[in-house]
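Now for the letters of each chain:
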Amino acid sequence: MSTSPIARYNTTAMALHWLVALLVFAAFPLGVYMHDLPLSPAKLQYYSYHKWTGVTIFLLAVTRVVWRFTHTPPPLPAATPRWEVVVSHITHLALYGLLLAIPLSGWLMSSAKGFQTVWFGVLPLPDLIGKDKALGELLTTVHQGLNLALFGLVGMHIAAVIKHKFIDHDQILERMLPKGKSK
């Protein structure tokens, strides 16, 4: 285990990371739960919450991508094997792509099904496409598949963090935590 100072992400990057993670961990189970509920006022409210969360994730993901392209992340530890560096970069690109594609697929699906997205019940977002039942069903499948891919990648991401923390002891986790938050 290294005793050298930890090169950390900046506060904005950490805040965006953990806020998006929290919202994903709220939106995913809500989406699974509400999907097969019978039509009711409660189901419609759950769909609204899910959409609000999705739009917020999308906006935060756009912000995160812009931030990432304009701010250099801290370097990985020098001892990180090349294959892990490559897998890390590919995984992060895929995560960013899914955090953008999933909300867009949901918005497209809602548009095709004829249900406007109204962010926080206040700001109506324009439909991205016209009403089309068959396309709405296809987009439902796309949205679900992208979510399953995200679920798998998040699982890989968490498994990698656990490996680095408890097997490699290389302080990868500490890079995304405020100072003094991990032992």
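Right, let's walk through the structure included here. Since the structure is predicted, the reported quantities are computational estimates derived from the model, not experimental observations.

What counts, and at which threshold
- Residues numbered from 1 in each chain as written.
- Predicted model: local features only at pLDDT ≥ 70, side-chain atom pairs only at ≥ 80, totals over all residues.
- Heavy atoms only, no water.
- Helix = DSSP H or I, 4+ residues; strand = E, 2+ residues; numbered from the N terminus.
- Contact = heavy atoms within 4.5 Å.
- Core = buried A, V, L, I, M, F, W, Y, C linked by side-chain atoms within 4.5 Å.
- Buried < 20%, exposed > 50% of the residue type's maximum accessible area, 1.4 Å probe, protein only.
- Phe/Tyr/Trp six-rings, centres within 6.5 Å; stacked < 30°, edge-to-face > 60°.
- 1 Å grid on protein atoms, 1.4 Å probe; cavity = no way out; pocket = protein on both sides within 12 Å on 5 of 7 lines; lining within 4 Å.
- Points joined across faces, edges and corners; volume = space filled by probe spheres on them.
- Nonpolar A, V, L, I, M, F, W, Y, C, P; charged D, E, K, R; others polar.
- Salt bridge = Lys/Arg side-chain N within 4 Å of Asp/Glu carboxyl O.
- Expected span 1.5 Å × (residues − 1).
- Polar contact = N/O pair within 3.5 Å; in protein donor to acceptor, adjacent residues only side chain to side chain.

With that out of the way, let us pick up the environment of Asp-127. Residue position: Asp-127 is located in the loop between strand E2 (123–124) and helix H4 (133–168). Sequence-wise, Asp-127 and Leu-108 are 19 residues apart; in three dimensions their C-alpha atoms are separated by 7.4 Å. Here Asp-127 is in contact with Ser-111 and Gln-116, once residues within four sequence places are set aside.

This part takes up the nonpolar core. Counting 15 residues, the largest nonpolar core has Val-20, Val-24, Ile-57, Leu-99 and Leu-150 as the members making the most contacts within it. Elements with a minimum of two residues in this core: helix H1 (11–35), helix H2 (41–70), helix H3 (82–113) and H4. For this core, the element with the most residues is H1, which contributes five residues. Sequence-distant contacts of Val-20, that is, excluding residues within four places in its chain, are made with Ile-57, Leu-60 and Leu-99.

A few words now on the packing of aromatic side chains. The description of two aromatic rings rests on the distance between their centres and on the angle between their planes. This model, assessed by the stated rule, comprises five aromatic pairs. Both rings, one in Trp-52 and one in Phe-120, keep their centres 5.6 Å apart while their planes meet at 40 degrees; by these two values the pair is tilted. Taken together, the residues span a long stretch of sequence, with Trp-52 in helix H2 and Phe-120 in the loop between strand E1 (118–119) and E2 at a distance of 68 residues. Three or more aromatic residues joined by ring pairs form one cluster here, namely Tyr-49, Trp-52, Trp-119 and Phe-120.

The gaps left among the atoms become clear once a water-sized probe is rolled over them. Of the pockets and cavities examined, the largest pocket occupies roughly 1400 Å³. Every residue lining the largest pocket is counted, 46 residues in all, and those nearest its centre are His-17, Ser-88, His-92, Leu-95 and His-157. The biggest single contributor to the lining of the largest pocket is H3, with 12 residues. Taken together, the residues that form the lining of the largest pocket break down as 33 nonpolar, eight polar and five charged. Estimates place the volume of the second largest pocket at around 1100 Å³. Those elements giving two or more residues to the lining of the second largest pocket turn out to be H1, H2, H3, E1 and H4. Of the residues forming the lining of the second largest pocket, the biggest block, 12 residues, is contributed by H2. For the lining of the second largest pocket, the per-class residue count stands at 27 nonpolar, 14 polar and four charged.

A few words on the pattern of salt bridges. Taken as a whole and assessed by the stated rule, the structure comprises four salt bridges. Here Lys-163 ties to Glu-84 by a salt bridge, and the two come within 2.9 Å at their closest N and O atoms. You can see Lys-163 sitting in helix H4 and its partner Glu-84 sitting in helix H3, a full 79 residues away along the chain. Across the pair Glu-137 and Lys-113 runs a salt bridge, and its minimum N-O distance is 3.9 Å. With Glu-137 in helix H4 and Lys-113 in helix H3, the pair connects residues that are 24 residues apart, well separated along the chain.

Before going further, it helps to examine H1. The first and last C-alpha atoms of H1 sit 36 Å apart over 25 residues, in line with the 36 Å expected at 1.5 Å per residue. Here H1 has its buried residues at Ala-13, Met-14, Leu-16, Val-20, Ala-21, Leu-23, Val-24, Ala-27, Leu-30, Gly-31 and Met-34. In this fold, the buried residues of H1 make contact with H2, H3 and H4. The N-terminus of H1 is capped by Asn-10, whose side-chain oxygen sits 3.2 Å from the backbone nitrogen of Thr-12.

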